[in-house]
Amino acid sequence: MTGVNPSGLELDKYLFRLNLEPMTEPLLVSPRLVYVERVIGIPEIELLDLSKDERTALALSNKTGSYQLAALDVRGGKLRPVSHGKERVAWARISNDSETVCFSRDFGGKEEHQLFTVPLEDGDEEEQLTQLSSTRVEGFNWSNGDDRLVLAGATKEVNGAWTVDLSNGSHTQIYQNRHWVFNPEWSKDDSRICVSAKTTEHPTALELVLLSPEGELEPLIYTPKEGSENTNGGWHPSEPWILFRTDARGRYELAIYKTDSQELTYLKGGELGLDFPVFAWMPDGKSVYYLATNTGRTRLYTELIDGSEPPREVLLPEGYHAGYFGSSVKVARSGEYFVFSWSSLSSPPTLSRYDTRTRRVETLHEHFTDLPLGRAEPVVYNSFDGRPIHGWFLKPARVEARSPCVLWIHGGPAWEVADEWNPAIQSFLVAGYTLFAPNIRGSTGYGVEFQNLNIHDCGGADLKDVEEAAKYLRTRPEVDSSKIALVGASYGGFMTFLGTTKLPDYWAAAAAIVGITDWKEMYELSDAAFRSFIERYFGRPEDNPELYRDRSAINFAENLKAPLLIWHRGNDSRCPLSPVQKYADRLRELGKDFEMNVVWDEGHGFQKTENLARQYKAIIEFLDKKLD
């Protein structure tokens, strides 16, 4: 596939026409890389919090070119900046008095965070609160008295929880654990803190752990069933009860644990979805709300906790409402409205409000584009063992028969390509490529059993799912079966590295973005949180050395046939650069056809817009060249 990248006078003429002519289809001579840059530049927005005074929604957006905080009046209006600069914000919460925002900031993508505070209303410059030493902050929350924070995170040596004094920024560790710790939440009287922590060696287990804020009492560990996964515990508005997600009965469900009477009850939502990425108490404490997900879309429900009535659906626009941070739906303290962010694969992110009295949705903030966005078709194919694999086949606005196709593998692996805005995917579509995004085994959104199929088998049966996806693409009339490119980022980058060496004959080209080539070296370079992550999927290196070896592309580099683009980031602490550089050196020794680019001022995850545009323009130029 070839195209024209206009410059100078040609580009000026194109932009002039773009402002005058309706974009019902691409121009005959499409400025494809201009399209790519423009689609990457569409601002993303995700709700993070709602002030207790019910006036202000706090969101994360890259409208300025980097991920920063913005506020919006829930009655409508324009976004206004809350945080400033180019270093990305990772997490934020509004104080209970609705006056102050605390947020964590990353520097250069290294994910060594510091906490900052800033007034919510007047937009003053933020002030640094903490002096943490090389700490990955997973999340934090304000105490109800607004005098302290509790954060969960990891250092190189340990995972744990810390309290932070708001008066001086000093921090005290109150819990230490070998494995990862998430979701710290204060009880309503600030006497206890609930976290989710992996306290056993069972690969998928997470327990609820109750801590004392001063760290003087022994942690209390609760699980409804040994080896079960229990997450995101949230305290009742007035009672010592915890709402949480569990798989104790073999599927994801929501349950309530009454710490005073030690009673456990299950909600009815397990019948409505395969997972529950967002859930919380309604303000009256008599009911809860939750998103139920199925085949890549979410629906919002409320449910009385006494079980007297069936769950009631709150009708939202079709798409995906869960976002990345698990805080994309918030209810006003009065219960009069929900604020939520949502999108679809062909609809850019939008911030909206649902009125519980009128049952109407009002758009608060959205982005309009005249770009010829691609459209998604949900499909299911059978893998090697007969297991159905759901995914999305996406076509550009103008489809020509038998065109090159990108087989896109998502990160995670506990993640999915949902019906959710994905600028990376759309960048290929506006450039004229078809794209297939299968949710291979190990993906979220398809139930506990499916999600855990790749435990101690990463790069095994899930790679066979990728192989069957390639076979499926050969049956599509839109796809040139000789021009299938394997592309993925993070875990998808790992699958691209491994797939091009273990399934070398399927691919005409490939691009591996922030991927993994050597699991053992990655384990040795990781902090406590990511050592725990690797052990979940591989066990310890000394216990499963052959599994580590067999699933590392560095050991099979000689098999590579497809031209390969390696795109990595110099400050990546999740998928470190060193093993990938060694893999590139090995490919060079073997005389393989590859290119490598390192972006030195970025790390894993969310990128500055200019760097993300540069990345996907380079990948598309590489595929154009190799698939021509």
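This write-up is about the structure you can find in this document. Since the structure is predicted, the reported quantities are computational estimates derived from the model, not experimental observations.

Here is what the cut-offs are and how they apply
- Residues numbered from 1 in each chain as written.
- Predicted model: local features only at pLDDT ≥ 70, side-chain atom pairs only at ≥ 80, totals over all residues.
- Heavy atoms only, no water.
- Phe/Tyr/Trp six-rings, centres within 6.5 Å; stacked < 30°, edge-to-face > 60°.
- Lys NZ or Arg CZ within 6 Å of the ring centre and 35° of its normal.
- 1 Å grid on protein atoms, 1.4 Å probe; cavity = no way out; pocket = protein on both sides within 12 Å on 5 of 7 lines; lining within 4 Å.
- Points joined across faces, edges and corners; volume = space filled by probe spheres on them.
- Nonpolar A, V, L, I, M, F, W, Y, C, P; charged D, E, K, R; others polar.
- Pairing = 2+ DSSP bridges.
- Helix = DSSP H or I, 4+ residues; strand = E, 2+ residues; numbered from the N terminus.
- Axes fitted to C-alpha atoms, helices over the stretch in contact; angles between N-to-C directions.
- Buried < 20%, exposed > 50% of the residue type's maximum accessible area, 1.4 Å probe, protein only.
- Left-handed = near helix turned anticlockwise from the far one by under 90°.
- Contact = heavy atoms within 4.5 Å.
- Right-handed = clockwise from strand over helix to strand, strands pointing away.
- Core = buried A, V, L, I, M, F, W, Y, C linked by side-chain atoms within 4.5 Å.

Regarding the packing of aromatic side chains
1) Next: A full pass over the atoms with the stated rule returns 33 aromatic pairs.
2) Next: These aromatic residues form a ring-pair network of at least three members: Tyr67, Trp91, Tyr324, Phe325, Trp415 and Phe606.
3) Next: Over the aromatic face of Tyr252 sits the side chain of Arg245, whose NZ or CZ is 3.9 Å from the ring centroid.
4) Next: The ring centre of Tyr266 lies 3.8 Å from the NZ or CZ of Arg249, which sits over that ring.

Some thoughts on empty space enclosed by the protein
To locate leftover empty space, one rolls a probe as large as a water molecule over the atoms.
1) Next: Applying the stated criterion across every chain, the model contains four cavities of 30 Å³ or more.
2) Next: Taken together, Ser66, Tyr67, Lys86, Glu87, Arg88, Gly108, Gly109, Glu602, Phe606, Gln607 and Lys608 make up the lining of the largest cavity.
3) Next: Partitioned by chemical class, the residues of the lining of the largest cavity number two nonpolar, four polar and five charged.
4) Next: Taken as a whole, the second largest cavity spans an internal volume of roughly 40 Å³.
5) Next: If you trace the second largest cavity, you find it lined by Pro43, Glu44, Ile45, Ser61, Lys63, Leu79, Pro349, His365 and His367.
6) Next: Here the lining of the second largest cavity is composed, by residue class, of four nonpolar, three polar and two charged.

Re the sheet that holds strand 28 (residues 360-365)
Note on sheets: strands pair through backbone hydrogen bonds, and any given pair is parallel or antiparallel.
1) Next: Strands sit in the order 25-26-27-28 across an open sheet of four strands; the sheet is antiparallel. One side of each edge strand has no neighbouring strand; the edge strands of this open sheet are strand 25 (329-331) and strand 28. Put simply, the sheet's adjacent strands are angled 25 degrees from each other on average, direction ignored.
2) Next: Across seven bridges, the pairing between strand 26 (residues 337-344) and strand 27 (residues 347-355) is antiparallel. Bridging across to strand 27, Tyr337 finds its partner in Asp355.

Topic: the pairing of strand 7 (residues 114-119)
1) Next: Buried residues dominate strand 7, accounting for five of its six residues.
2) Next: Sheet topology places strand 6 (residues 100-105) next to strand 7; six bridges connect them, and they run antiparallel. The partner of Arg105 across the bridge, within strand 7, is Gln114.
3) Next: Alignment of strand 7 against strand 8 (residues 127-128), held across two bridges, turns out to be antiparallel. The residue bridging Phe116 from the neighbouring strand is Gln128, located in strand 8.

Focus on the sheet that holds strand 8
1) Next: Sheet architecture is open: four strands sit in the order 5-6-7-8, paired in antiparallel fashion. Of all the strands in the sheet, just strand 5 (89-94) and strand 8 have a single pairing partner and so form its edges.
2) Next: Bridging between strand 5 and strand 6 involves five bridges; their strand directions are antiparallel. Residue pairing for strand 6: Ala92 is matched across the bridge by Phe103.

Looking at the packing of helix 2 (residues 32-40) against helix 11 (residues 609-627)
1) Next: Where helix 2 meets helix 11, the closest approach of the two axes is 9 Å, and the angle between their N-to-C directions is 145 degrees. In this structure, helix 2 crosses over helix 11, and the sense of that crossing is right-handed. Two secondary-structure elements touch here, helix 2 through Arg32, Leu33, Val36, Glu37 and Ile40 and helix 11 through Thr609, Leu612, Ala613, Tyr616, Lys617, Ile620, Glu621 and Asp624.
2) Next: Among the residues making up the contact of helix 2 with helix 11, the classes are represented as seven nonpolar, one polar and five charged.

What about the pairing of strand 34 (residues 509-513)?
1) Next: Within strand 34, five of the five residues are buried, which leaves it mostly tucked inside the rest of the structure.
2) Next: Bridge analysis of strand 33 (residues 479-489) against strand 34 gives five bridges, and the strand direction is parallel. In the strand pairing of strand 34, Gly488 is matched with Ala512.
3) Next: Traced from strand 33 through helix 6 (residues 491-502) to strand 34, the parallel crossover comes out right-handed.

Quick notes on the nonpolar core
1) Next: Membership of the largest hydrophobic core comes to 60 residues, with the highest contact counts inside it found for Leu407, Trp507, Trp519 and Leu564.
2) Next: In terms of residue count, helix 8 (residues 528-538) provides more of this core than any other element does, seven residues in total.
3) Next: Beyond its immediate sequence surroundings of up to four residues, Trp507 is in contact with Leu407, Val466, Ala470, Ile484, Leu486, Gly499, Thr500 and Ala562.
4) Next: One finds Ala437, Ala613, Ile620 and Leu627 within the second-largest nonpolar core, a separate group that totals 42 residues.

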